[in-house]
Amino acid sequence: MSTETTQIHNIGYRNYDGPRLGRAYARRSLFSQSLRGAYGLGGSAKSKVLPMILFAVMVLPAAIIVAVAVANPVATDLPIKHTAYAIYLQAVIGLYLAAQAPQSVSRDLRFKSVPLYFSRPIERIDYVLAKFAAMASALLILTAAPLVVLYVGALLAEFDFADQTKGFAQGLVSVLLLSVFFAGLGLVLAALTPRRGFGVAAVVAVLTISYGAVSTVQAIAYETGSPGAIEWLGLFSPVTLIDGVQTAFLGATSAFPGGDGPSAATGIVYLLAVVALVLGSYAVLMRRYRKVGL
C-alpha cells in the first residue's frame, strides 16, 4: 500500500473514566421510571389522562364521605370502613391495572427492547423485581390515597382517635396485600403477549368478569340455602380472595351474600392462596423473561 494514501483518523473514542453505579442503581432507575410511567409522568399529556382520571375517581368518593361526615354534627363514625373502600371501587382498580400493566411491560416485548436491558449490568431478576415493585407501588398509591383522605376527615370530624387509627391501619394492610397480589396477576397477563389490547382484555376478564361470576354464583348459593358453599366459592376470584382475607384477619365486614365471610380457619386457606398466587406470578414472570431476554 502506498504511504501517500494511508491515513490514520482520530475519531475521539476514549475509555469511560466515570463512576460505575452497577446493578442497584440500574434497578432503582428502572423502578422509578416504571412507577412514573404508571401515572404518565415524563410522558405526553395523553398518557397522563386515564391514570389521573382514575386516581380522581378513587379519591372523590372519599372526599364526599368526609364532607358529609364533617357537616353532620350527630355522626360518630364514617359510613364506610377503611377495609371496604377498595372492594366497593374494585372496578376502578381493575381498569387502572388493565390500562397500566400492559403499558409497563408490553412495549418492551413488542419492540424487543428487553435484551437491551439485560446486556449489562441489569439482570433478569432485577428487571422482574423492578417492574413488580413499581406496579405494586402504583396500585398502593391509588388505593391508599383515599384511605388517607378518610382518616384525616375522621380526625377533623373528631371521631374516636383509637378506632379510626386502628381502622386506617387495617385498611392499609388490606390495600398493601391487594396491591402486591393484583400487580403480580396484571403483569403476568400483560407479559404473555406483546399486544397491549390483548393484555388489557385479559386483565379485565380475570378481575372483573371473575368477580361478577363468583358473586352471582354466591348469590345463587345463598338463595338456594347453601351458605356453606359461599366461602369456598370466594377462592375463585382475586377480589373475593382479598375480601375473604380481610374479613378473616382484619376485622372487615364481608361483601359476601348474607354478610358472613370466611371463618378464621378458612381465612388461612384464603391467605395461603393469595401468597401462592403472588409467588407463582413472580415465578411465571421469571420464566417468561428467561425466554424473551435471549
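Conventions we followed
- Residues numbered from 1 in each chain as written.
- Predicted model: local features only at pLDDT ≥ 70, side-chain atom pairs only at ≥ 80, totals over all residues.
- Heavy atoms only, no water.
- Helix = DSSP H or I, 4+ residues; strand = E, 2+ residues; numbered from the N terminus.
- Buried < 20%, exposed > 50% of the residue type's maximum accessible area, 1.4 Å probe, protein only.
- Contact = heavy atoms within 4.5 Å.
- Core = buried A, V, L, I, M, F, W, Y, C linked by side-chain atoms within 4.5 Å.
- Phe/Tyr/Trp six-rings, centres within 6.5 Å; stacked < 30°, edge-to-face > 60°.
- Salt bridge = Lys/Arg side-chain N within 4 Å of Asp/Glu carboxyl O.
- 1 Å grid on protein atoms, 1.4 Å probe; cavity = no way out; pocket = protein on both sides within 12 Å on 5 of 7 lines; lining within 4 Å.
- Points joined across faces, edges and corners; volume = space filled by probe spheres on them.

**Student:** Explanation requested: the side chain of Q164 in the structure shown.
**Tutor:** Its location among the elements puts Q164 in helix 7 (residues 161-191). Given the relative accessible area of 5%, Q164 is considered buried. Ignoring anything within four residues of it in the chain, the contact list for Q164 reads D77, L78, H82, Y151, A154 and F159.

**Student:** How should I be thinking about the nonpolar core in this particular structure?
**Tutor:** It is characteristic of soluble globular proteins that their nonpolar side chains tend to be buried jointly. Counting residues in hydrophobic clusters, the biggest one holds 71 residues, and the most contacted among them are Y85, Y96, M135, F182 and Y289. The dominant element in this core, judged by the number of residues it contributes, is helix 6 (residues 124-156), at 14 residues. Discounting chain neighbours no more than four positions away, the residues touching Y96 are A38, Y39, P51, L54, M135, A138, L139 and L142.

**Student:** How should I be thinking about the packing of aromatic side chains in this particular structure?
**Tutor:** Aromatic ring pairs are reported here in terms of the distance separating the ring centres and the angle at which the planes meet. Applying the stated criterion across every chain yields a total of five aromatic pairs. Aromatic side chains Y39 and Y96 sit 5.4 Å apart centroid to centroid with 40 degrees between the ring planes, which places their arrangement in the tilted category. Of the two residues, Y39 sits in the loop between helix 1 (22-37) and helix 2 (45-71) while Y96 sits in helix 4 (residues 90-110), which places them 57 residues apart along the sequence. Each member of the pair, Y39 as well as Y96, carries the same accessibility label: buried. Residues Y127 and Y289 carry aromatic rings whose centres are separated by 4.9 Å and whose planes lie at 55 degrees to one another, so their mutual orientation is tilted. One end of the pair, Y127, is in helix 6; the other, Y289, is in helix 11 (residues 264-292), and 162 residues separate them in sequence. In this structure Y289 comes out as buried when scored by relative accessible area, which is 2%. The rings of Y39, F55 and Y96 are connected pair by pair, giving a single aromatic cluster.

**Student:** How do you make sense of the pattern of salt bridges when you look at a structure like this?
**Tutor:** Following the criterion strictly, the structure yields three salt bridges and no others. Sharing partners across several salt bridges, the network here consists of R23, R27, E123 and D126.

**Student:** What am I meant to see in empty space enclosed by the protein here?
**Tutor:** Rolled over the atoms, a probe as big as a water molecule pinpoints where empty space is left. Counted by the stated rule, this structure contains one cavity of 30 Å³ or more. The computed volume of the largest cavity comes to approximately 30 Å³. Around the largest cavity sit V105, Y127, V128, K131, L187, L285 and Y289, which together line it. Elements supplying a minimum of two residues to the lining of the largest cavity: helix 6 and helix 11. Broken down by element, the residue count for the lining of the largest cavity peaks at three residues, all from helix 6.

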